[in-house]
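The lines below spell out each chain.
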Amino acid sequence: MTTHGLLQIAVYFVVLLALARPLGAWMARVYEGKPLRFERLIYRLTGVRPEEEMDWKVYALSMLLFSAVGILFLYGLQRLQGALPGNPQSLGAVTPDSSFNTAVSFVSNTNWQGYGGETTMSYLTQMVGLTVQNFVSAAAGMAMLAALIRGLVRRNASTIGNFWVDLTRTTLYILLPLSLILALVLVSQGVVQTFSGYRTAPLLESGTEQVLALGPAASQIAIKQIGTNGGGFFNVNSAHPFENPTPLSNFLEMLSILLIPAALCYTFGRMVGDTRQGWALLAAMMLVLLPFVLLGYGAEQNNMEGKEVRFGIASSTLWAAATTAASNGSVNSMHDSYTPLGGLVPLLLMQFGEVIFGGVGSGLYGMLIFVLVAVFIAGLMVGRTPEYLGKKIEAYEMKMASLVVLIMPLVVLGFTALAVIVEPGTKTILNPGAHGFSEVLYAFTSQGNNNGSAFAGLGANNPFYNTTGGLAMLFARFWLAIPVLAIAGSLAKKKLTPAGPGTLPTHTLLFVVFLIGVIVLVGALTFFPALALGPIVEHLQMLAG
């Protein structure tokens, strides 16, 4: 590790933390403020009654129906794109299995891509289909977080907000302004934004021509990073010079990945009336992420394979850690080319459950579920009914929290096991032995945590992996969201219990360390046997020559 590389990492986190408070305060105002005139116009046009709040079941049903319509629309758009306008390259219809996988991927905020963007998707599909879902899928996750926070704040209440209002306000006041600013800055750095067709350029040595894929990329790239979506307009993602041409664009895109997840911690503290609670959660995230960043950097310090020269090792490994700590599928280096320990870093960060920052909204509500588990365990240790922010944590909340904690490992390990024992799964594993297993485990870990990044080296664009991956993304997003909203509804009905001498403080360093221990133990104990068959044994084989 070099001083210059460590300085890059330090500057990144200093800027991130400096921006977390002002953005977090603004988002708290958005969720707690009164509707503005333009916002009311949208409600009148769409038939939404903003003053009518929902209980958790109606809130969940609204979210599910909205997501189902998005999946059907995006699937149909891909299947019909050959007959639709906005297709200067005359690209044909996307196959049914790939259309299903992509539709689920973008609606679930995963953005796993089994296809090459510039050779598969028309401009219309990219903008009307994928970019729109980048906005609304991120907004849906943030809306569910707002509902959970209201459940913690309210007392003796039967409602947790209005899904349509939360969705509208998140998109209108948070995601759109941030994306517009970032898109303009990216265009200034050379990121393409055009509706013209592809261009050709002569190659001096061979005398032939190279096709240069263009398109309205900057607008999609901005929201893909800000909304922790990931994926990319072009095939090689954030290493493509038309998506990420300069060190400044690289820094800003990488900063955007963690910006909202970090700021939401402060939003949480403001909304519950105790900013120390938000800082404690942000501290827990940082204390987990920083060692993994340094571990990845140390493991890759002599390995330039699969990395962009214009970014270097430090920036590449920092991106790899940030994009997998958040639920973001963009990559600026080839994770499959990392050393076994370097590849273990992004794999483990996802297997923690995407709660170390995680996706916008979904990461923090996942972290809050672990907080409830940690508070419950601490309560059992001292023989006292566990409480969090004045709400007693009882059997119902723990049953729902157990579902959130257990569903993801079941999905990831179940589909991984299926893929390595059936012929459709094994025939496209392009590398033998432990590394091939790591590729399969990474693919389902990424999809099962709504991340979207890929290890590569695995032929995943086929009916088997498109179908199983689509199901994994569906389960990971919606089977977890429903228990979270059920917890929000249950907590909202409870009365406030005043803090007493036996109340566990949840803003102290002791609780932060205890929370980290719970997260690490759950992640390590669940996935360690699988990791032992993949990157761990591969590292031992590398040491043995």
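Residues numbered from 1 in each chain as written. Predicted model: local features only at pLDDT ≥ 70, side-chain atom pairs only at ≥ 80, totals over all residues. Heavy atoms only, no water.

K.L.:
Hey, could you go over the overall build of the protein for me, with residue numbers and the actual values?
P.N.:
Secondary structure assignment for the protein yields 18 helices and four strands. Scaling as 2.2 N^0.38, a compact globule of 545 residues should have a C-alpha radius of gyration of about 24 Å, and the protein matches this with 23 Å. The C-alpha extent of the protein, read off along each of the three principal axes, is 80 × 65 × 50 Å. When the 545 residues of the protein are sorted by exposure, 59% land in the buried category. (Helix = DSSP H or I, 4+ residues; strand = E, 2+ residues; numbered from the N terminus. Rg over C-alpha atoms; globule rule 2.2 N^0.38 Å. Buried < 20%, exposed > 50% of the residue type's maximum accessible area, 1.4 Å probe, protein only.)

K.L.:
So what's going on with the environment of Glu394? Which residues, and what values?
P.N.:
Tracing the backbone through its elements, the reader meets Glu394 in the loop between strand S4 (391-392) and helix H14 (395-419). Spatially, the C-alpha atom of Glu394 lies 9.8 Å from that of Leu491, the residues being 97 residues apart in sequence. Engagement of the side chain of Glu394 in a polar contact is seen with the side chain of Lys494, the distance being 2.5 Å. (Polar contact = N/O pair within 3.5 Å; in protein donor to acceptor, adjacent residues only side chain to side chain.)

K.L.:
I'd like a rundown of the layout of surface pockets, residues and numbers included.
P.N.:
Of the pockets and cavities examined, the largest pocket occupies roughly 600 Å³. Lining the largest pocket are 33 residues; nearest its centre among them are Gln113, Asn235, Met334, Ala454 and Ala456. For the lining of the largest pocket, the class distribution of residues is 13 nonpolar, 18 polar and two charged. (1 Å grid on protein atoms, 1.4 Å probe; cavity = no way out; pocket = protein on both sides within 12 Å on 5 of 7 lines; lining within 4 Å. Points joined across faces, edges and corners; volume = space filled by probe spheres on them. Nonpolar A, V, L, I, M, F, W, Y, C, P; charged D, E, K, R; others polar.)

K.L.:
Outline the side chain of Gln220, listing residues and values.
P.N.:
With respect to the element layout, Gln220 can be found in helix H8 (residues 217-226). A polar contact of 3.4 Å, which involves the side chain of Gln220, links it to the side chain of Thr131. Setting aside residues up to four positions removed in sequence, Gln220 forms contacts with Gln126, Leu130, Thr131, Asn134, Gly232 and Phe233. (Contact = heavy atoms within 4.5 Å.)

K.L.:
An account of the environment of Leu295 is needed here, citing residue identities and associated values.
P.N.:
Within the secondary structure, Leu295 is located in helix H10 (residues 275-300). Taking the C-alpha atoms as reference points, Leu295 and Met63, separated by 232 residues in sequence, lie 39 Å from one another.

K.L.:
Give me the lowdown on empty space enclosed by the protein, citing residues and values where you can.
P.N.:
Taken as a whole and judged by the stated rule, the model has four cavities of 30 Å³ or more. The calculated volume of the largest cavity comes to roughly 320 Å³. Looking at the lining of the largest cavity, the elements that each hand over two or more residues are helix H13 (362-382), H14, helix H17 (463-493) and helix H18 (509-543). With five residues, H13 is the largest single contributor of residues to the lining of the largest cavity. Along its surface, the second largest cavity is lined by Tyr338, Thr339, Pro340, Gly343, Leu344, Leu347, His435, Ser438, Phe455, Pro535 and Glu538. For the lining of the second largest cavity, the elements supplying multiple residues, two or more each, are helix H12 (340-351), helix H16 (433-448) and H18. If one sorts the elements of the lining of the second largest cavity by residue count, H12 sits on top with four residues. Of the residues belonging to the lining of the second largest cavity, the class tally is six nonpolar, four polar and one charged.

K.L.:
Describe in detail the environment of Asn250, supporting the description with residues and values.
P.N.:
Note that Asn250 resides in helix H9 (residues 247-272). Assessed through its relative accessible area of 2%, Asn250 is described here as buried. Asn250 sits 113 residues away from Ser137 along the chain, and the two C-alpha atoms are 24 Å apart.

K.L.:
Please give an account of the packing of aromatic side chains that cites residues and values.
P.N.:
Inspection of the entire model under this criterion finds 15 aromatic pairs. Centre to centre, the rings of Tyr59 and Phe163 are 5.6 Å apart; their planes meet at 80°, and the pair counts as edge-to-face. Here the residue Tyr59 occupies a position in helix H3 (residues 56-80), and Phe163 occupies one in helix H7 (residues 163-188), the gap between them amounting to 104 residues. Taking the relative accessible area as the measure of exposure, Tyr59 reaches 0% and is therefore buried. Members of the aromatic cluster, connected to one another through ring pairs, are Tyr59, Phe66, Phe163 and Trp164. (Phe/Tyr/Trp six-rings, centres within 6.5 Å; stacked < 30°, edge-to-face > 60°.)

K.L.:
Which residues make up a nonpolar patch on the surface, and what values go with them?
P.N.:
Together, Met1, Leu6 and Leu294 make up a nonpolar patch on the protein surface, roughly 250 Å² of accessible area in all. In this structure, Leu294 sits in helix H10. (Patch = residues over 30% accessible without salt bridge, like charges linked within 9 Å, V, L, I, M, F, W, Y side chains within 5 Å. Areas by Shrake-Rupley, 256 points an atom, 1.4 Å probe, with all protein chains shown as cover. Salt bridge = Lys/Arg side-chain N within 4 Å of Asp/Glu carboxyl O.)

K.L.:
Tell me about the nonpolar core, and please be specific about residues and values.
P.N.:
Leu175, Ile260, Leu289, Ile356 and Leu515 are the most contacted members of the largest nonpolar core, which has 163 residues in total. The element best represented in this core is helix H6 (residues 123-153), accounting for 15 residues. Not counting residues within four places of it along the chain, the set of residues in contact with Ile260 comprises Leu23, Met27, Met142, Ile174, Leu175, Leu178, Ile226 and Val360. (Core = buried A, V, L, I, M, F, W, Y, C linked by side-chain atoms within 4.5 Å.)

K.L.:
Can you lay out the pattern of salt bridges for me, pointing to particular residues and giving the numbers?
P.N.:
Tallying each qualifying case throughout the model produces 11 salt bridges. The partner of Asp166 in a salt bridge is Arg150, with the nearest N and O atoms 2.7 Å apart. In this pair, Asp166 sits in helix H7 while Arg150 sits in helix H6, placing the two residues 16 residues apart along the sequence. Look at Asp166 and you get buried, because its relative accessible area is 2%.

K.L.:
So, H12: which residues are in play, and what are the values?
P.N.:
For H12, built from 12 residues, the straight-helix expectation of 16 Å at 1.5 Å per residue is met to within 8% by its first-to-last C-alpha distance of 16 Å. With 11 of 12 residues buried, H12 lies mostly within the body of the structure. Those residues of H12 not exposed but buried are Pro340, Gly342, Gly343, Leu344, Val345, Pro346, Leu347, Leu348, Leu349, Met350 and Gln351. Buried residues along H12 sit against H10, helix H11 (312-325), H14, H16 and H18. (Expected span 1.5 Å × (residues − 1).)

K.L.:
Requested: an account of the packing of H13 against H14, with residues and values cited.
P.N.:
Between two packed helices, the angle of one axis relative to the other and the distance separating the axes together describe the packing. For the pair H13 and H14, the least separation of the axes is 10 Å and the interaxial angle reads 125°. Judged by the angle between their axes, H13 and H14 are oblique. Regarding H13 and H14, the two cross each other, and that crossing is left-handed. Taken together, the residues of H14 that come into contact with H13 (itself represented by Ile369, Phe370, Leu372, Val373 and Phe376) are Met398, Ala401, Val404 and Val405. Class assignment of the residues belonging to the contact of H13 with H14 gives a composition of nine nonpolar, no polar and no charged. (Axes fitted to C-alpha atoms, helices over the stretch in contact; angles between N-to-C directions. Parallel < 35°, antiparallel > 145°, perpendicular 65-115°, else oblique. Left-handed = near helix turned anticlockwise from the far one by under 90°.)

K.L.:
Can you tell me about the pairing of strand S2 (residues 209-212), naming the residues and giving the values?
P.N.:
Pairing geometry for strand S1 (residues 199-202) and S2, over four bridges, is antiparallel. If you follow Arg199 over to S2, its bridge partner there is Leu212. The antiparallel hairpin formed by S1 and S2 contains six residues in its connecting segment, where Gly207 sits at a positive phi of about 80°. (Pairing = 2+ DSSP bridges.)

K.L.:
Which residues make up the packing of H3 against H7, and what values do they have?
P.N.:
It is at 9 Å that the axes of H3 and H7 come closest, and there the two elements cross at 55°. In terms of axis orientation, H3 runs oblique to H7. Side by side, H3 and H7 meet where Tyr59, Ser62, Met63 and Phe66 of the first sit next to Phe163, Trp164, Asp166 and Leu167 of the second. A breakdown of the residues in the contact of H3 with H7 according to their chemical character gives six nonpolar, one polar and one charged.

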